[in-house]
Amino acid sequence: MSASSKTVKEFIARAKSYIQRNDYLRTLKALCQALELLQGSQIFGRERFEVNVLLDEALRDLSGMKQIKRVFPQGIHYEKGQEKALWRTLTRMHDKLEAAIEKVRVEKIRAQKLELDEMLMKAQDFLSKKEPLEARKLFRKASELYPEEKNLPVDIGNRLMMAGLFVEALEYFKRGMEVDSSDPRPYQFSILCHEATGELDKAEEVVKETLRRFGGNESIYLRMAKLALQKRQWSEAYDAVAQALQLNPTNQEGLKILKQVGPRIFGAGFDPTKSLPSKAPKGAGEDAAKAPTRAPGAPIKLDL
């Protein structure tokens, strides 16, 4: 492979830079690339002399690296015409080192997963024993130790939510949104937590944000209808449940809500078995009481 002396020098310069960073793999890779280009190249005269000088310097620096000294206590030397042999030596070294590093990486990940699983199981055990403070300490420690685990915030939040710790769960669901905004789960669970704490307005805000990010579906329209129903917003409840039933006309929860809000919108003669308007008439249901159906903070049964 032919190459210009400039390209070869660039690879050697990269290798020397990686040596300064103690980056073995990239150093070996850059030197292998330089040697591969030198094989059969048309670099002669002064340019070849300059390349050889730079290569000798890089190999001396390489030989001074701790791990390389163990393998080549006498150092690595370069002789003109031996580019292919040296390339083979450095390539083998690179590949073995890469395999060793990968093995260590996999073992480290495996150990971390095991440690994390044990930590979560212990925290879950504390929740089962009604010791939420100890569980929260372990959850906090796990989230700090393993910030790279994308699914961890949602996992912890879900465990807290199922234990009835809705406010604490919301913190982790918020973090889950920040870590991966393409995951709909923290949004869906946040809605449930806000409902459980009586924060219906906040729940509605999250519903709207969910719609903006992920679009409408049967589940989110049904959730909108339930929220509006709790707030005695009959027109909004009807509009949402109508959209859910358009997607699935046999949805039993949707039909149940429809039977509750339909007569308030269209009168006592409302027949849910007939063709449904997609929207409630403007101003329909406005005379209904606006007070919430339950006091803020009152517990509700989670519909998961």
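Residues numbered from 1 in each chain as written. Predicted model: local features only at pLDDT ≥ 70, side-chain atom pairs only at ≥ 80, totals over all residues. Heavy atoms only, no water.

A.B. asks: Which residues make up the packing of helix α10 (residues 200-214) against helix α11 (residues 218-230), and what values do they have?
C.D. replies: Closest axis-to-axis distance for the α10/α11 pair is 10 Å, and the angle between their directions is 155°. One way to sum up the angle between α10 and α11 is to call them roughly antiparallel. Here α10 runs over α11; the crossing is left-handed. In contact with Leu 200, Ala 203, Glu 204, Val 207, Thr 210 and Leu 211 of α10, α11 contributes Ile 220, Tyr 221, Arg 223, Met 224, Leu 227 and Gln 230. Class assignment for the residues of the contact of α10 with α11 results in 8 nonpolar, 2 polar and 2 charged. (Axes fitted to C-alpha atoms, helices over the stretch in contact; angles between N-to-C directions. Helix = DSSP H or I, 4+ residues; strand = E, 2+ residues; numbered from the N terminus. Parallel < 35°, antiparallel > 145°, perpendicular 65-115°, else oblique. Left-handed = near helix turned anticlockwise from the far one by under 90°. Contact = heavy atoms within 4.5 Å. Nonpolar A, V, L, I, M, F, W, Y, C, P; charged D, E, K, R; others polar.)

A.B. asks: So what's going on with the nonpolar core? Residues and values would help.
C.D. replies: Within the largest apolar cluster, 28 residues are counted, with the highest numbers of intra-cluster contacts made by Val 8, Leu 31, Leu 55, Leu 59, Leu 62, Ile 76 and Leu 90. Within the residue set of this core, elements represented by two or more residues are α1 (5-20), α2 (24-38), α3 (45-63) and α5 (83-128). Ignoring anything within four residues of it in the chain, the contact list for Leu 62 reads Ile 19, Thr 27, Leu 28, Leu 31, Ile 68, Ile 76 and Leu 90. Counting 26 residues, the second largest nonpolar core, distinct from the first, contains Phe 126, Phe 139, Met 161 and Phe 173. (Core = buried A, V, L, I, M, F, W, Y, C linked by side-chain atoms within 4.5 Å. Buried < 20%, exposed > 50% of the residue type's maximum accessible area, 1.4 Å probe, protein only.)

A.B. asks: Got a sec to walk through α2? Specific residues and values, please.
C.D. replies: The end-to-end C-alpha distance of α2 is 21 Å, a good match for the 21 Å that 15 residues give at a rise of 1.5 Å each. Counting buried positions along α2 yields 11 of 15 residues, so the element is predominantly enclosed. Considered for burial, the residues of α2 that qualify are Tyr 24, Leu 25, Thr 27, Leu 28, Ala 30, Leu 31, Cys 32, Ala 34, Leu 35, Leu 37 and Leu 38. Buried-residue contacts for α2 involve α1, α3, α4 (66-71) and α5. The N-cap of α2, judged by a side-chain oxygen 3.5 Å from the amide nitrogen of Leu 25 a few residues on, is Asp 23. (Expected span 1.5 Å × (residues − 1). Polar contact = N/O pair within 3.5 Å; in protein donor to acceptor, adjacent residues only side chain to side chain.)

A.B. asks: I'd love a proper account of unusual backbone geometry, names of residues and values included.
C.D. replies: One non-glycine residue, Asn 22, adopts positive backbone phi at about 60°. Tracing the backbone through its elements, the reader meets Asn 22 in the loop between α1 and α2. Since its relative accessible area comes to 47%, Asn 22 is described here as partly exposed. For Arg 232, which is not a glycine, the phi torsion comes out positive at approximately 60°. With respect to the helices and strands, the residue Arg 232 is situated in the loop between α11 and α12 (234-247).

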